[in-house]
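# Coordinates in review
The chain contents come next:
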Amino acid sequence: MQLKNDLLLRAARGEKTERTPVWLMRQAGRILPQYVAVRERVSGFIELATTPELAAEVTIQPVDLLGVDAAIIFSDILVIPEAMGLPYEMVEKRGPHFPRTVRSPEDIDRLKVADAETDLGYVLEAIRLVKRDLGGRVPLIGFAGAPFTIFCYMIEGGGSKTFSKAKKMLYTEPALSHRLLQKITDSTAGYLNAQASAGADLLQVFDSWAGILSPDQYRTFSLPYLRQLCQAVKREAPATPVTVFAKGAFFARAEMGALPCEVIGLDWNVDIAESKTLIGPDKTLQGNLDPCALYASFDQIRQQTRQMLRAFGPHRHIANLGHGVYPDTDPEKVKCFVETVQEYAGWVD
Ligand code: CP3
């Protein structure tokens, strides 16, 4: 189906757009009372994410309620470890927990390479429903975790400030680490392409824990696998743009610029002009307002959003926050951010 609003895709490909497109990471979720209402009808996050009709409903909510220029499929990066044989639980107010983790070479052998159609069919079905129900209003973003970030959760078993167990494996068992990273990559490549086949218009890869690695380690244990994912999409779904968002990877911006993808996500810690120089003119940049800026007054939000838009310039920019929106953000403040981008008319001066 022809998209009525394809600003996101044109900006991703580097085409000129009438205005800058805008969406928010984690827009489908607890910031919206309408999400909380749906969430209360089910046993928990996992039931919501694995019930295609409900996942589709909460995916579309931010399009209706916030007026964003893209939807992102309601799911989680942790569906990949689950599909490989490591189920997760989502503990209320605490986050993800894996009852079993990867500890030994045998644990890695026991993991399977996920088959998207059979193991993750519920996400693909949700994508098909969203595409049908959106009726071409805005593009739909599919996503997955970067192999290194998924590796962190599989070793650690949950969130962590340091991910020292995962990093210990990189230092003490590099060959084993690569074996696991490759298995995750093979699972994720198939999954991203299956999302594109099901209807996802753009694919984003989240490397949420990039910032815990040294530049050398990042080059060794993350970038090669990100490259493989981008190449796999280029091979099988060449029309689908890819965004790589590596949080905290300020040290790898030049290398990011060399990945075979269209868009690089930026967090709020980096200088925009410097990032443009390091990443180069062949990429669209996405980001990067501090999520906490949305706690400020409406006037300050408008001012900071305009400042961000001016720094990125009119082309090759997708407006977003520098990380996911925090759950206690006032939806009216989110709307203020979205509308400020959509109404910006400052390019003439
Ligand atoms: O962006 C969206 O609106 C789409 C949905 C989405 C979720 N998770 C739903 C979710 C996306 C894109 C993700 C990605 C994700 N999940 C990442 C990468 C992005 C990032 O934030 O760095 C990571 C690291 C995860 C793992 C994860 N899932 C954590 C650490 C947590 C707990 C902390 C938290 O934010 O709640 C989750 C839970 C989760 N994923 C929720 C939602 C809506 C909240 C669970 C609930 O409603 O009970």
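Here the structure is a predicted model, which is why all the values come from computation and not from measurement. (Residues numbered from 1 in each chain as written. Predicted model: local features only at pLDDT ≥ 70, side-chain atom pairs only at ≥ 80, totals over all residues. Heavy atoms only, no water.)

### Examining the site of the ligand
Put simply, the rule is: Distances are taken per atom, and a residue is near a molecule or strand as soon as one of its heavy atoms is within 4 Å of it. Within 3.5 Å is the distance limit for a polar contact, defined as a pair of N or O atoms, with the added protein rule that one can donate a hydrogen and the other accept it, and that residues adjacent in sequence qualify only through two side-chain atoms. In this description a helix means any DSSP run of H or I spanning at least four residues, a strand means any run of E spanning at least two, and both kinds are numbered starting from the N terminus. Asp, Glu, Lys and Arg are counted as charged, while Ala, Val, Leu, Ile, Met, Phe, Trp, Tyr, Cys and Pro are counted as nonpolar; the rest, among them Gly, fall into the polar class.
The full set close to the ligand counts 22 residues, and Arg30, Tyr35, Arg39, Ser208 and His323 are the nearest of them. Ala28 is positioned with one of its backbone polar atoms (N or O) 2.8 Å from an oxygen atom of the ligand. Here an oxygen atom of the ligand sits 2.5 Å away from a polar atom, N or O, in the side chain of Arg39. Breaking the shell around the ligand down by element, the ones donating at least two residues are helix H2 (33–39) and strand E3 (95–97). Residue composition of the shell around the ligand, grouped by class: 13 nonpolar, five polar and four charged.

### Brief notes about the pattern of salt bridges
Close approach of charged atoms allows side chains with opposite charge to pair. For clarity, the threshold we go by: Basic side-chain nitrogens of Lys or Arg form a salt bridge, by our definition, when they fall within 4 Å of a carboxyl oxygen of Asp or Glu. We call a residue buried when its accessible area falls under 20% of the maximum for its residue type, exposed when it is over 50%, and partly exposed in between, using a 1.4 Å probe and counting protein chains only.
Applying the stated criterion across every chain, the model contains 18 salt bridges. Two residues, Glu92 and Arg39, come together in a salt bridge whose shortest N-O distance is 3.3 Å. In this pair, Glu92 sits in the loop between strand E2 (89–91) and E3 while Arg39 sits in helix H2, placing the two residues 53 residues apart along the sequence. Given the relative accessible area of 52%, Glu92 is considered exposed. Arg39 gets classed as buried once you look at its relative accessible area, which sits at 17%.

### Some remarks on the nonpolar core
For the record, the criterion: What we call a nonpolar core is a set of buried Ala, Val, Leu, Ile, Met, Phe, Trp, Tyr and Cys residues that are connected through their side-chain atoms within 4.5 Å. Only heavy atoms matter for contacts: two residues are in contact if any of them lie within 4.5 Å across the pair.
With 134 residues, the main nonpolar core has Phe151, Tyr218, Met256 and Phe337 as its most contacted residues. Among the elements that line this core, the one with the most residues is helix H11 (residues 174–198), at ten residues. Aside from chain neighbours lying at most four places away, what touches Phe151 is Ala166, Met169, Leu170, Ser177, Leu180, Leu181 and Ile184.

### Focus on the side chain of Glu156
Stated precisely, the cut-off is as follows: Counting rule applied: Lys, Arg positive; Asp, Glu negative; His and chain ends not counted.
Tracing the backbone shows Glu156 in helix H9 (residues 147–156). Buried charge Glu156 goes without a salt bridge, the closest partner of opposite sign being Lys165 at 4.1 Å. Within the structure, the side chain of Glu156 is placed 3.4 Å from the backbone nitrogen of Lys165, a separation counted as a polar contact. Those residues in contact with Glu156, other than ones at most four positions away along the chain, are Thr101, Phe163, Ser164, Lys165 and Ala166.

### Structural notes on the pairing of strand E9 (residues 317–321)
In summary, the side chains of a regular strand alternate between the two faces of the sheet. Spelled out, the test is: Here a crossover is taken to be right-handed if, once the strands point away from the viewer, the path from the first strand over the helix to the second is traced clockwise.
Counting buried residues along E9, five of its five residues qualify, which places the element largely inside the surrounding structure. Here E9 shows no split at all, with His317, Ala319 and Leu321 on one side and Ile318 and Asn320 on the other all buried. Handedness of the crossover joining strand E8 (residues 284–289) and E9 through helix H16 (residues 298–312): right-handed.

### Let's talk about unusual backbone geometry
Cis geometry is adopted by the peptide bond preceding Asn288, which originates at Gly287 and carries an omega value of -10°. In this structure, Asn288 sits in strand E8. Non-glycine residue Arg26 carries a positive phi angle of around 65°. The residue Arg26 is located in the loop between helix H1 (7–13) and H2 in this model.

### Brief notes about the pairing of strand E5 (residues 202–207)
Here is the rule we go by: Pairing between strands is defined by DSSP: at least two bridges between them are needed.
Among the six residues in E5, six count as buried, and that is most of the element. Residue alternation in E5 divides its side chains into two sets, Leu202, Gln204 and Phe206 and Leu203, Val205 and Asp207, and both sets are buried. Of the strand pairs in this sheet, strand E4 (residues 140–145) and E5 are connected by five bridges, and their pairing is parallel. Counted as the bridge partner of Phe143 is Gln204 from E5. Strand direction decides the pairing type here: E5 and strand E6 (residues 242–246), joined by five bridges, are parallel. When the bridges of E6 are listed, Val205 appears paired with Val244.

### Focus on the sheet that holds E6
The strand order across the open sheet formed by seven strands is E1-E4-E5-E6-E7-E8-E9, and the pairing between neighbours is parallel. Where the open sheet ends on each side, the last strands, each with one partner, are strand E1 (71–72) and E9.

### What about the packing of aromatic side chains?
Applied cut-off: Working definition: rings of Phe, Tyr and Trp (its six-membered ring) pair if their centres are within 6.5 Å, and the pair is stacked with planes under 30 degrees apart, edge-to-face with planes over 60 apart, and tilted otherwise. A ring has a charge above it when a Lys NZ or an Arg CZ is no more than 6 Å from the ring centre and no more than 35 degrees off the ring normal.
In total, this model carries eleven aromatic pairs according to the counting rule given. With a centroid separation of 6.2 Å and an interplanar angle of 25°, the aromatic rings of Phe148 and Phe151 are classed as stacked. Taken together, the residues Phe148 and Phe151, both in helix H9 and three residues apart, mark about one turn of the helix. Taken individually, Phe148 and Phe151 each receive the classification buried, so the pair is uniform in this respect. Through a chain of ring-to-ring contacts, the aromatic side chains of Tyr35, Phe45 and Phe74 assemble into a single cluster. When the ring centre of Phe298 is taken as reference, the NZ or CZ atom of Lys333 above it lies at 5.1 Å.

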